[in-house]
Amino acid sequence: MKLKELKRFVVRQGKIPIGKWQDSSNWLSYESALQKSKTIKDGGVSIVLGKINEEYTLAGIDLDTIQDKTKNIIDYEIKKDIEPFKHKHDSLSGYGIHILCLVKNDLKLDKGKKKHIVSKLKINRLDESGNLKIPEIEFYINNKVFALPIALDTDSDDIINSTKDYINLYNKYFGNTIKSQSNSQSESEKDFAFFIELIEKGYENREEMKNAYWQSELFAKKDQAHKEKGFRQDYLNITIDNALKGFGQQKAKEKPKIDNILELIKDKEIFIDERDIAYIIINYQNIKIDSKKFEQYLTYECYENNIKFNQQMINSAISYINYMAIKNNNRHTLNVRFAEDDNYIYYQLSEEDIVKISSNGYEIVKNDFPLFKWVNMLPQVKPQKSNVEFKYLLSKFNIDEEQKVLFIMYLVSLFIPNIPKPILILSAEKGAGKTTTTKFIKSLVDPSILDTTRFPKDISSLSQIFDHSALICFDNLDKLQNWQSDALCRAYSGEAISKRKLYTDEEDVVCQYKRAIILNGINCPATREDILDRAILINLKRFKQYKAEQVIYEEWETLKPQFLDLIFRTISKALPLHYSINIEELGRTADWCKWCYSIAETIQRGLGKKFLEDYKQNISNQNNEVVESNILVQAVLSFMENRLKWEGLATELFNELKTYAIIFGLDGFPKNSSWLTRDLKRFLSVLESQNIMFSIKATNKGSRIELSKTR
C-alpha cells in the first residue's frame, strides 16, 4: 500500500497539528495537505495513526535521541532492531527516527508503551528544562500524529504489514507483553476483555457499561447467535461481575507495589506554586512532579531499592503524588533568579545554592525553602572576595562617558527583585559590540541556555520566553511592531496572560511576570512614545581596536566572580539607605530611581544627584527619539514652525498636516481625523517638550483642536 493513498494527512505548524486533527472530516490527501502547508509559516504535513480498514491499523514507532544528526550515525544494536521495517524517516529534531507500518487490528498494546533504551552513542542533547535527553522508544497504534518530512517521496514509500516485527520489537523492550489476538479466542473472552477496558476507563454504572457494549464494534461484528447471547442479562451480569473481580484483583496486586514507590518520597516536602503546579523538593531542588526528571528519579530509586515496577505503576504513583500535593494546598510562590522578603534579597546561583543579602552583608546558603524555579537556566559562578571597583567593571563596556553613571546604576539595579526596571536600549553602528555587551550583561545577571534571542512570531511564544528568564535580551532588532511594543510595555510593569497548557486541552495556565529587558540594534528599534517612556537609551562607541572573541569572553568569565562580589556588597550597603531616603518621584520609574539613587550614594556620596541629572537628560533623549521617528510629530512641528497659534476642526487639521506629512512619507500617519485626535493625546508629553501645547473640545460639528506655541 502506498502512503499517499491514505487520506489521513493534516497540516502542522512546527510540530503541532493545526485544527481538530482527531476529527476525520478534517483529514486531507497528501497533495492537498502539502499544498496547504506552503501557505503557513513553519508549515508541514503530519499523518494520523489509527485504523485504516477492516484488517489493518497504521501504527508508529518513535525512537528519540538515538542518532547523531551531525554524523548521520545511530547505535549498531538499535539500527539492527529497526532494520526489518521498510518505512523509516528522521524526526523533525534530527535526533530521532519515526517508523510507519501496518499492524493487524486485533493487536493490543499495554499502557506502558514508552521506555528508556540503551545507546552507546553519547548525544549531549538538552530538553527545554536543561536536562540531558535520554534515548527512548514509544509505540503507538492510535490517537497520535507523526510529522513527515516535506521531501517525502510518497511513490516509493510502501506501508506494509509488519505486525510480527512490531510485536518482536515491542516485546524486546517490554518483556513479551503483547501478542496478536487469534480468531480462536472465545467470544466470552473478548467480552470479558471489553468490560475490563471499560472499567479501566472509569465506567461504574452497569447499565452504561451494557449500552457501551451493545453499541461497540465488537458487538456489531458478532454472528446472530452470539448477539442473542450478548443481549441476555444473566450473561452480561456474570461477565461484568467477573471483570470487576479481575480488575479488583489486579489492582490489589499493584497497590502494595505502588505503596513501595510512595515510600520512597515519604520524607520529601511536596507543595504547589502560584499556578497550582505540584513540586517535590529533592536534594534542594524544586522538581515538578509531572515531569520527566521526577519520573527518572522514581525509576532510578526503584532500581536502587530493588522495587519491582512497570511504567503504569510509575505513572499511577506520579498521579497520586500530584493530587496529594494539590489536596494538601501547601502553597509557595516560585520566582525566577531573584526573590525578596521583609529583610533579605535572594539571588539564585544554582538549583542548590542561593545568595542571601542583608544590610549586614551577604552569604551563600542552601536553597532549603521553596523560592525559585529552574527553567532553561545555567548555574552562576560563586562570588569571589576582591577589592575591584566599579571603574574597572565599566572599563569592560565601551559606554559614552556621559552615560557611564546611568549605565552602572542600571546594571546593579537588575539584581533588585520585584520593581519595574526601564527597558535598556543599546544602539550603535556596526562594530561597537552591541551583541557582546548584551551577552556580558546577561551572563552577569541571569546566565541561561538562551543568552540572546530574536523576537518570536506570536504572543504565546513571547510569553513563554518572559516566563522562563529574569532578564530577556533581544538581539539585532530593526523596528518593533505595535504588538511587540505593547507586549514589552506589559512585561515591564507586570503582565498576566492566560494560555492553554497544551494544544490538545482546554485547561488554562496563567503566566505572570515583571521582567528586565534589553534591546539592541544599529538604530533605536523603539519608536512609540509609550515604550520609550519606559526605556533608557545607551549609545555604544565603536571599538578602536579588537581582540579575539575567545580572549574577550575568557577575560570576562575570569572577572565575573569579582564583579558579583562587588555588586552584592554594594546592594547590602544600599539596603538601609533605600528604606530611609525620600526623593522626588520621576514618573512611572519612581521605585527604580529610588533604588538607583541609593546605590549611587553607596558608591560615592553625591553620585545620586549625578544619576538623577543623567536620567532626566535621558528622558529628553527619549523625546528627541520620538520626534525624529514619528511622522505625526514631525508634521505638527513643521506646521507650527511659522505659527504661534492655530484653531479649527479635527478634519481641517488632518488635511493640513497631511500635506506636510507627504514630505516625510505617509507611513505611520493617522488614517483619519479620529485617529489624529487619539494620536495627538498619545504624544502630549513629547509635543510639550517641543513647546507645543494643544487642547481638544467636542462640538456638534466634531472635535475642535487648538495648537499653540509656549515660546
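Here the structure is a predicted model, which means the values were calculated and not measured.

In this section: unusual backbone geometry. A positive phi angle is found at Thr-65, which is not glycine, with a value near 55 degrees. Looking at the secondary structure, you find Thr-65 in the loop between strand E5 (56-64) and strand E6 (67-68). According to the relative accessible area criterion, Thr-65 is buried, its value standing at 1%.

Looking now at the sheet that holds strand E3 (residues 43-48). Ordered by their spatial adjacency, four strands build an open sheet running E2-E1-E3-E12, and the pairing between neighbours is antiparallel. Strand pairing shows two members of the sheet lacking a second neighbour, strand E2 (16-17) and strand E12 (145-148), which therefore form its edges. Bridge analysis of strand E1 (residues 9-13) against E2 gives two bridges, and the strand direction is antiparallel. Among the inter-strand pairings, Arg-12 is bridged to a residue of E2, identified as Pro-17.

One open sheet accounts for four strands, arranged E21-E24-E20-E25; its pairing is parallel. Of all the strands in the sheet, just strand E21 (471-474) and strand E25 (535-539) have a single pairing partner and so form its edges. Across the sheet, the axes of successive neighbouring strands diverge by a mean angle of 20 degrees, strand direction being ignored. Direction of pairing for strand E20 (residues 423-427) relative to E25: parallel, over a ladder of five bridges. In the strand pairing of E25, Leu-426 is matched with Ile-538.

Here we take up the nonpolar core. Counting residues in each nonpolar core, the largest one holds 62 residues, and the members touching the most others are Phe-397, Met-409, Leu-411, Phe-415, Ile-441, Trp-592 and Phe-611. Ranked by residues supplied to this core, first place goes to helix H17 (residues 549-580) with ten residues. By size, the runner-up hydrophobic cluster in this structure holds 24 residues, among which are Leu-632, Phe-639, Ala-661 and Phe-669.

Attention now goes to the pattern of salt bridges. Side chains carrying opposite charge are able to pair once their charged atoms draw close together. For the structure shown, the criterion picks out 35 salt bridges. Among the salt bridges present, the one from Arg-569 reaches Asp-565, with a minimum N-O distance of 2.9 Å. With Arg-569 and Asp-565 both in helix H17, this residue pair falls four residues apart, about one helical turn. Arg-569 gets classed as partly exposed once you look at its relative accessible area, which sits at 24%. The exposure class assigned to Asp-565 is buried, which follows from its relative accessible area of 0%. One salt bridge connects Asp-679 with Arg-678, and the closest N-O pair in it is separated by 2.9 Å. On the accessibility criterion, Asp-679 (5% relative accessible area) is buried. Residue Arg-678 is classed as partly exposed on the basis of its relative accessible area, which comes to 43%. If you follow the salt bridges from partner to partner, you end up with Glu-187, Lys-190, Asp-191 and Lys-222 in one network.

Rules used throughout
- Residues numbered from 1 in each chain as written.
- Predicted model: local features only at pLDDT ≥ 70, side-chain atom pairs only at ≥ 80, totals over all residues.
- Heavy atoms only, no water.
- Helix = DSSP H or I, 4+ residues; strand = E, 2+ residues; numbered from the N terminus.
- Buried < 20%, exposed > 50% of the residue type's maximum accessible area, 1.4 Å probe, protein only.
- Pairing = 2+ DSSP bridges.
- Axes fitted to C-alpha atoms, helices over the stretch in contact; angles between N-to-C directions.
- Core = buried A, V, L, I, M, F, W, Y, C linked by side-chain atoms within 4.5 Å.
- Salt bridge = Lys/Arg side-chain N within 4 Å of Asp/Glu carboxyl O.

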